[in-house]
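Read off the chains here:
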Amino acid sequence: GGSLFRIYRDIRFSKDKSPYKTAAGVHFRHEDGRNAHAPGFYLHLAPDEVFAAVGIWGPDTKTLTKIRQAIVDNPERWEAITREPPFANMYDVAHHGDVLKRAPKGFDPGHPLVEDLKRKHFVGTVPFTEIEACAAGFVTELARTYRQGAAYMEFLTTAIGLEW
């Protein structure tokens with residue numbers, strides 16, 4: 001169920017024609033997610049940039065609306081998952097990707113969670129050092145990290161109608 005991203009990057013429309021990516025990424029997606037836009041677990045390995053991630057990056061409008069509606073319908077659960085330990089102590093969810101300037105169409109601009117509703121990506125990340133990533137116990141630590149993100153993943157997965 002995983003996918004190792006290719007090391008070659010698409011240079012067709014890039015001014016920078018250097019031929020290789022400098023990062024490796026592994027996406028462990030939901031079994032029903034046949035593309036990169038389903039909720040999943042991700043590992044990014046690059047010089048000076050190693051991180052684990054959970055969530056969904058760049059979902060289509062229909063999927064994004066389902067997630068936003070789930071937040072509106074279950075605000076207490078969303079806040080408990082995203083703002084309380086253990087997830088909140090480990091994962092950064094606030095600094096990933098573009099956000100809307102205004103509340104999304106059909107959602108109350110005065111909603112207490114409007115900043116969450118403005119997100120275009122629902123991703124949480126945990127940074128690691130290169131030394132940590134190369135250590136003998138890294139796989140165990142990575143699994144522990146992903147377990148701490150399980151409730152977040154469950155929320156997103158069920159919000160879009162997939163089985164958890």
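Student: Would you take a moment to explain the side chain of T145 for this structure?
Tutor: On the secondary structure map, T145 appears in helix α6 (residues 138-148). Filtering out sequence-adjacent residues up to four positions away, T145 remains in contact with A52, M90, Y91, V126 and F128.

Student: Could you clarify how one ought to interpret the environment of T65 in this entry?
Tutor: Relative to the helices and strands, T65 resides in helix α1 (residues 61-73). Under the relative-accessibility criterion, T65 is labelled partly exposed at 36%. Along the sequence, T65 and K105 sit 40 residues apart, while their C-alpha atoms lie 9.4 Å from each other. Only 2.9 Å separates the side chain of T65 from the backbone oxygen of T61, close enough to count as a polar contact.

Student: Is there a simple way to explain unusual backbone geometry in this structure?
Tutor: Residues other than glycine predominantly adopt negative phi, and peptide bonds predominantly adopt the trans conformation. The amide bond that connects P85 to the next residue, P86, takes the cis arrangement and shows omega of 5°. Its location among the elements puts P86 in the loop between α2 (75-83) and α3 (87-90). Of note, the phi angle at D48 is positive, near 65°, even though the residue is not glycine. In this fold, D48 is placed in the loop between β3 (40-46) and β4 (49-56).

About the thresholds
- Residues numbered from 1 in each chain as written.
- Predicted model: local features only at pLDDT ≥ 70, side-chain atom pairs only at ≥ 80, totals over all residues.
- Heavy atoms only, no water.
- Helix = DSSP H or I, 4+ residues; strand = E, 2+ residues; numbered from the N terminus.
- Contact = heavy atoms within 4.5 Å.
- Buried < 20%, exposed > 50% of the residue type's maximum accessible area, 1.4 Å probe, protein only.
- Polar contact = N/O pair within 3.5 Å; in protein donor to acceptor, adjacent residues only side chain to side chain.

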